[in-house]
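Single-letter residue listing:
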Amino acid sequence: MHPSPNPEFMRRAIALAIENVRTGRGGPFGAVIVKGGAIIGEGCNTVTRDNDPTAHAEVSAIRAACLSLSAFTLNGSEIYTSCEPCPMCLAAIYWARLDRIWFGNTSADAARIAFDDAFLYREIALPARDRSIPSSMFLRDQAWESFQLWLDTPNKTPY
């Protein structure tokens, strides 16, 4: 049986998005992370305010939730976001180990207001050599040293 969404949490994410536009802090995106029936983190898009292209609502909510739990994973949590996550936010949601995503607007809706991430989805699917930003391997032997050190370190915290 699939869990049911809680409309109050989605309303909060939407309210954050609306407030963000009204105050001029950033784009029309808001997100909340819920665990055990309570909001443990929330965020809105502050890309232009903070001059930070990673300051999307979902990433900001993940950072806040992790800070509140003093943890780097959010197992047992759900995210409510006013819009379907972009590729960066979707990856962050997976890295944070969230259990479920609830979203309001779709990526097609976002494209209608000039937030189109279809290009990013296409780029990710391409081999690195075919992407629009050139990408080349360089100094691999030297770079491997940090990986080898990681492999050889017995007391590391895996994630």
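For the structure itself, look to the data block above.
A short tour of the structure in this document, coming up. Everything quoted here is computed from the prediction, not taken from an experiment.

### Some thoughts on the overall build of the protein chain
Inference 1: Along the protein chain, the regular secondary structure elements total 7 helices and 4 strands.
Inference 2: Going from the N terminus to the C terminus, the protein chain shows its helices and strands as α-β-β-α-α-β-α-β-α-α-α.
Inference 3: Across its three principal axes, the protein chain shows a C-alpha extent of roughly 50 × 40 × 35 Å.
Inference 4: When contacts within the protein chain are restricted to residue pairs at least 6 apart in sequence, long-range pairs at least 24 apart make up 49% of them.
Inference 5: Of the roughly 10500 Å² of accessible surface on the protein chain, a fraction of 59% belongs to carbon and sulfur atoms.
Inference 6: Averaging the coordinates of the 15 positive side-chain charges in the protein chain and doing the same for the 17 negative ones gives two points 3 Å apart.

### Overview of the environment of Phe-72
Inference 1: Inspection of the secondary structure assignment puts Phe-72 in the loop between helix 3 (57-69) and strand 3 (77-83).
Inference 2: Each C-alpha atom of the pair Phe-72 and Ala-96 lies 6.7 Å from the other, and the pair is 24 residues apart in sequence.
Inference 3: With near-sequence residues (within four places) excluded, Phe-72 lies in contact with Cys-66, Thr-157, Pro-158 and Tyr-159.

### Overview of the pattern of salt bridges
Think of it this way: side chains of opposite charge can pair up when their charged atoms draw near.
Inference 1: Per the stated rule, a full pass over the model turns up 5 salt bridges.
Inference 2: Residues Glu-19 and Arg-25 are paired through a salt bridge, measuring 3.4 Å at the closest nitrogen-oxygen approach.
Inference 3: A salt bridge links Asp-109 to Arg-112, with the shortest nitrogen-to-oxygen separation between them at 3.8 Å. Here the residue Asp-109 and the residue Arg-112 both occupy positions in helix 5 (residues 107-112), the gap between them amounting to 3 residues, near one helical turn.
Inference 4: Since its relative accessible area comes to 28%, Asp-109 is described here as partly exposed.

### Looking at the state of the cysteines
Inference 1: Evaluation of the coordinates by the stated rule reveals 0 disulfides.
Inference 2: In this structure Cys-83 is a free cysteine whose sulfur lies 9.0 Å from that of Cys-86, the closest cysteine sulfur available.
Inference 3: We note that Cys-89 lacks a disulfide partner, and the nearest cysteine sulfur, in Cys-86, lies 3.7 Å from it.

### Structural notes on a nonpolar patch on the surface
Inference 1: Together, Phe-72, Trp-95, Trp-144, Phe-147, Trp-150, Leu-151 and Tyr-159 give the surface a local cluster of nonpolar side chains, amounting to about 910 Å² of exposed area.
Inference 2: Considering each element in turn, the nonpolar patch owes the most residues, 4 residues, to helix 7 (residues 140-152).
Inference 3: Relative to the helices and strands, Phe-147 resides in helix 7.

### Focus on the environment of Val-21
Inference 1: Relative to the elements of secondary structure, Val-21 occurs in helix 1 (residues 7-23).
Inference 2: According to the relative accessible area criterion, Val-21 is partly exposed, its value standing at 44%.
Inference 3: In this structure, the C-alpha to C-alpha distance between Val-21 and Glu-78, residues 57 residues apart in sequence, is 24 Å.
Inference 4: Beyond its immediate chain neighbours, meaning those up to four positions away, Val-21 contacts Gly-26, Gly-27 and Pro-28.

The rules we used
- Residues numbered from 1 in each chain as written.
- Predicted model: local features only at pLDDT ≥ 70, side-chain atom pairs only at ≥ 80, totals over all residues.
- Heavy atoms only, no water.
- Helix = DSSP H or I, 4+ residues; strand = E, 2+ residues; numbered from the N terminus.
- Contact = heavy atoms within 4.5 Å.
- Areas by Shrake-Rupley, 256 points an atom, 1.4 Å probe, with all protein chains shown as cover.
- Lys, Arg positive; Asp, Glu negative; His and termini not counted.
- Charge placed at Lys NZ, Arg CZ, Asp CG, Glu CD.
- Salt bridge = Lys/Arg side-chain N within 4 Å of Asp/Glu carboxyl O.
- Buried < 20%, exposed > 50% of the residue type's maximum accessible area, 1.4 Å probe, protein only.
- Disulfide = S-S within 2.5 Å.
- Patch = residues over 30% accessible without salt bridge, like charges linked within 9 Å, V, L, I, M, F, W, Y side chains within 5 Å.

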